[in-house]
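# Per-entry structural report
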Amino acid sequence: MELSFQTESVALFFLVLFLLTVLPVKIGATLFGAENNEFKYCAISVFIGTLLAVVCSKLIGGLSGLLASYIAVSFVYSRVLGLSLLWSFLFTFGVFLIQVAIAQALTRFGIFT
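I will try to describe carefully the structure that is included in this document. (Residues numbered from 1 in each chain as written. Predicted model: local features only at pLDDT ≥ 70, side-chain atom pairs only at ≥ 80, totals over all residues. Heavy atoms only, no water.)

## As for the overall build of the protein
Scanning the protein from N- to C-terminus turns up five helices and zero strands. Overall, the protein shows an N-to-C arrangement of helices and strands of α-α-α-α-α. Referenced to the eigenvectors of the C-alpha coordinate spread, the extents of the protein come out at roughly 40 × 35 × 20 Å. Every one of the 113 residues in the protein was classed for burial, and the buried ones make up 32%. Taking the intrachain contacts of the protein between residues at least 6 apart in sequence as the baseline, contacts between residues at least 24 apart amount to 54%. Each charge sign in the protein was given a centre, from 5 positive and 4 negative side chains, and these centres are 9 Å apart. (Helix = DSSP H or I, 4+ residues; strand = E, 2+ residues; numbered from the N terminus. Buried < 20%, exposed > 50% of the residue type's maximum accessible area, 1.4 Å probe, protein only. Contact = heavy atoms within 4.5 Å. Lys, Arg positive; Asp, Glu negative; His and termini not counted. Charge placed at Lys NZ, Arg CZ, Asp CG, Glu CD.)

This is the structure:
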């Protein structure tokens, strides 16, 4: 199935960005029973987590930077969404799997081709 979109569309960009970032966190927060599973908390946690992940990867670099980013994002999810720290590590991995599934679905529809 091939969908025709203008690839320079700002609305499409923000829709894909939303589908790949905030929506998986919202789905995961609902599945994991987070205290704060509203879209605004999910968006805040994605924004802060992304900033911390970029800082960790730039400052530390390599595999250590990737691990520090994972820990930082897990900590943000724990504090913002109200998950325990142990559940937040599993939650972060679950969100990653949801993001991969959404990216594959979008590729199948022709968004990333």
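## Some remarks on the environment of Phe18
Examined against the element boundaries, Phe18 turns out to sit in helix H1 (residues 10-20). Classification of Phe18 as partly exposed rests on a relative accessible area of 32%. It is 17 Å that separates the C-alpha atoms of Phe18 and Gly110, two residues lying 92 residues apart in sequence. If we ignore the near neighbours within four places in the chain, the residues touching Phe18 are Leu23, Pro24 and Phe39.

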